[in-house]
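Structural overview
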Amino acid sequence: MAIDPTLRDALSAVTPASLARALMRAGVKAFSPLGLTLRGGTAIGTAFTLRMIPARDDAAGDIAAAIDAVPEGSVVVIDAAGTGSPLPFGAILAARLVQRGAVGLITDAALPDEIGLPHGAAPLESSGTLALVGTQQPVACGGAAIHPGDIVVCTREGIVALPAGIAERIALEAVEQQRLDLWIQREAERGESLGSLLPPDAAALARFQSETKPA
């Protein structure tokens, strides 16, 4: 599903850290994959999930068909059971994802360094083979819980997955939080005591609202 342009602009304007703080205030847990190396720029898209496990025999799902089902604008999230094994035909699959219009690829499998789209991947830790066992299911990736349709923000500063139902509220809170953080930084640079700024007391918040409200 396409992301509303206004929501995309808001998500592009904030840092993963600001989104993370808003998600924590909302009680959301396990929203950020860790231990992945980020390469290739930024990506914002809806999660399309695949689940893979170490191959035990020749039986495996059809990876090619799963990749061909990825909608335009997706961030593909592949749960590789934390193995760090290489993603089968990683560069070829990534090339097909680019052709399909995917905007990013996140996985706890290992990937080639250059695959033509923004990605986060695990370091190579195993030479084992992976088998596809599910698509469009909730998955675990880098310690995060990611559901199909989540909105995934991937930048060089981190990866955050937002539940679609609260994504707009989280984005707006993050924008406001970032505005407040910038104001606090400027106040500190002017010599204002941190005692009233961290966290901002009622007087500081009133000054923030007064000094930053639209003309």
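Now for a look at the structure at hand. (Residues numbered from 1 in each chain as written. Predicted model: local features only at pLDDT ≥ 70, side-chain atom pairs only at ≥ 80, totals over all residues. Heavy atoms only, no water.)

Attention now moves to the side chain of Thr155. Within the fold, Thr155 resides in strand S9 (residues 151-155). With relative accessibility at 14%, the residue Thr155 sits in the buried group. Ignoring sequence-local partners within four residues, the contact set of Thr155 consists of Pro16, Leu38, Gly41 and Thr42. (Helix = DSSP H or I, 4+ residues; strand = E, 2+ residues; numbered from the N terminus. Buried < 20%, exposed > 50% of the residue type's maximum accessible area, 1.4 Å probe, protein only. Contact = heavy atoms within 4.5 Å.)

In this structure, Asp62 sits in the loop between strand S2 (43-54) and helix H3 (63-68). Each C-alpha atom, one on Asp62 and one on Leu132, is 7.0 Å from the other, the two residues being 70 residues apart in sequence. At a separation of 3.0 Å, a polar atom in the side chain of Asp62 contacts the main-chain amide nitrogen of Ala65. (Polar contact = N/O pair within 3.5 Å; in protein donor to acceptor, adjacent residues only side chain to side chain.)

Once that is clear, we can look at the nonpolar core. Residues Leu50, Met52, Val76, Ile78, Leu97 and Leu105 are the most contacted members of the largest nonpolar core, which totals 23 residues. Those elements that provide at least two residues to this core are S2, H3, strand S3 (74-79), helix H4 (90-100) and strand S6 (130-135). In this structure Leu105 touches Val75, Val76, Ile78, Leu97, Leu111, Ile115, Leu117, Pro118, His119 and Gly120, once residues within four positions along its chain are discounted. Of all hydrophobic cores here, the second largest spans 20 residues; its members include Leu11, Val28, Val153 and Ala171. (Core = buried A, V, L, I, M, F, W, Y, C linked by side-chain atoms within 4.5 Å.)

Inspection of helix H2 (residues 16-25) places Pro16, Ser18, Leu19, Ala20, Ala22 and Leu23 among the buried residues, and these make up the whole buried set. Where H2 is buried, its residues meet helix H1 (5-12), S9, strand S10 (158-162) and helix H5 (167-189).

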